[in-house]
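A look at the structure
Single-letter residue listing:
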Amino acid sequence: MLSRLNRAPLLPLPGLPLQPVDVRAAAAQIAAVSLGAPQGRAPDIVGPQVIPLPELARSWAAATGVRTRILPVPAARR
(Lines give C-alpha, C1' and ligand atoms only; values in the text may rest on other atoms or scores of the structure.)
Protein backbone atom coordinates (compact mmCIF):
# COMPACT_ATOMS: atom_id res chain seq x y z
CA MET A 1 0.00 0.00 0.00
CA LEU A 2 2.70 2.48 0.98
CA SER A 3 4.91 1.71 -2.01
CA ARG A 4 2.24 3.11 -4.33
CA LEU A 5 2.05 6.34 -2.37
CA ASN A 6 5.76 7.14 -2.19
CA ARG A 7 5.82 9.46 -5.21
CA ALA A 8 4.31 12.35 -3.27
CA PRO A 9 6.68 14.58 -1.28
CA LEU A 10 4.17 14.63 1.61
CA LEU A 11 2.04 11.71 2.71
CA PRO A 12 -0.89 12.58 5.01
CA LEU A 13 -1.97 9.47 6.90
CA PRO A 14 -4.68 9.00 9.52
CA GLY A 15 -3.54 7.75 12.92
CA LEU A 16 -5.34 4.43 12.51
CA PRO A 17 -4.09 1.60 14.73
CA LEU A 18 -2.85 -1.41 12.77
CA GLN A 19 -1.68 -4.83 13.93
CA PRO A 20 0.76 -6.09 11.29
CA VAL A 21 1.24 -9.83 11.19
CA ASP A 22 4.08 -11.96 9.90
CA VAL A 23 3.07 -13.64 6.62
CA ARG A 24 4.22 -17.04 7.91
CA ALA A 25 2.03 -16.72 11.01
CA ALA A 26 -0.93 -15.67 8.88
CA ALA A 27 -0.39 -18.57 6.47
CA ALA A 28 -0.14 -21.05 9.36
CA GLN A 29 -3.38 -19.80 10.89
CA ILE A 30 -5.21 -19.87 7.54
CA ALA A 31 -4.00 -23.42 6.94
CA ALA A 32 -5.09 -24.53 10.41
CA VAL A 33 -8.57 -23.06 9.93
CA SER A 34 -8.83 -24.51 6.41
CA LEU A 35 -7.91 -28.00 7.49
CA GLY A 36 -9.89 -27.97 10.73
CA ALA A 37 -13.52 -28.73 11.42
CA PRO A 38 -16.16 -26.17 10.39
CA GLN A 39 -16.46 -23.55 13.10
CA GLY A 40 -18.46 -20.65 11.72
CA ARG A 41 -16.53 -17.41 12.09
CA ALA A 42 -12.76 -17.88 12.12
CA PRO A 43 -10.61 -15.90 14.56
CA ASP A 44 -9.06 -12.66 13.34
CA ILE A 45 -5.47 -12.79 12.12
CA VAL A 46 -3.53 -9.94 13.73
CA GLY A 47 -0.07 -9.35 15.07
CA PRO A 48 0.63 -8.80 18.74
CA GLN A 49 1.77 -5.18 18.44
CA VAL A 50 -0.56 -2.21 17.77
CA ILE A 51 1.19 0.42 15.63
CA PRO A 52 -0.37 3.67 14.33
CA LEU A 53 -0.27 3.91 10.53
CA PRO A 54 2.00 7.01 10.45
CA GLU A 55 4.56 5.25 12.68
CA LEU A 56 4.43 2.15 10.50
CA ALA A 57 4.89 4.33 7.40
CA ARG A 58 7.94 6.05 8.95
CA SER A 59 9.51 2.64 9.68
CA TRP A 60 8.76 1.50 6.14
CA ALA A 61 10.24 4.68 4.64
CA ALA A 62 13.42 4.33 6.71
CA ALA A 63 13.80 0.65 5.76
CA THR A 64 13.27 1.28 2.05
CA GLY A 65 15.10 4.60 1.72
CA VAL A 66 11.98 6.49 0.62
CA ARG A 67 12.23 10.21 1.37
CA THR A 68 8.50 10.94 1.61
CA ARG A 69 7.52 13.06 4.63
CA ILE A 70 4.79 11.53 6.76
CA LEU A 71 2.10 13.86 8.08
CA PRO A 72 -0.13 12.32 10.77
CA VAL A 73 -3.73 13.56 10.56
CA PRO A 74 -6.55 12.85 13.01
CA ALA A 75 -8.59 9.77 12.15
CA ALA A 76 -12.35 10.09 11.87
CA ARG A 77 -14.21 8.59 14.81
CA ARG A 78 -17.67 7.03 14.85
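The text that follows walks through the structure, step by step, so that each part is easy to find. Please read all numbers here as calculations on a predicted model, not as lab measurements.

**So, the nonpolar core**
- Listed in full, the 6 residues of the largest apolar core are Leu2, Leu11, Leu13, Leu53, Ala57 and Ile70.
- Within the residue set of this core, elements represented by two or more residues are β1 (10-14) and α3 (53-64).
- For Leu53, the residues in contact, after removing those within four places along its chain, are Met1, Leu13, Pro14, Leu16 and Leu18.

**A few points about a nonpolar patch on the surface**
- A surface patch of nonpolar side chains, about 210 Å² in accessible area, is lined by Val21, Ile30 and Ile45.
- Structurally, the position occupied by Ile30 is in helix α2 (residues 23-35).
- Ile30 sits in the partly exposed class, given a relative accessible area of 47%.

The rules we used
- Residues numbered from 1 in each chain as written.
- Predicted model: local features only at pLDDT ≥ 70, side-chain atom pairs only at ≥ 80, totals over all residues.
- Heavy atoms only, no water.
- Core = buried A, V, L, I, M, F, W, Y, C linked by side-chain atoms within 4.5 Å.
- Buried < 20%, exposed > 50% of the residue type's maximum accessible area, 1.4 Å probe, protein only.
- Helix = DSSP H or I, 4+ residues; strand = E, 2+ residues; numbered from the N terminus.
- Contact = heavy atoms within 4.5 Å.
- Patch = residues over 30% accessible without salt bridge, like charges linked within 9 Å, V, L, I, M, F, W, Y side chains within 5 Å.
- Areas by Shrake-Rupley, 256 points an atom, 1.4 Å probe, with all protein chains shown as cover.
- Salt bridge = Lys/Arg side-chain N within 4 Å of Asp/Glu carboxyl O.

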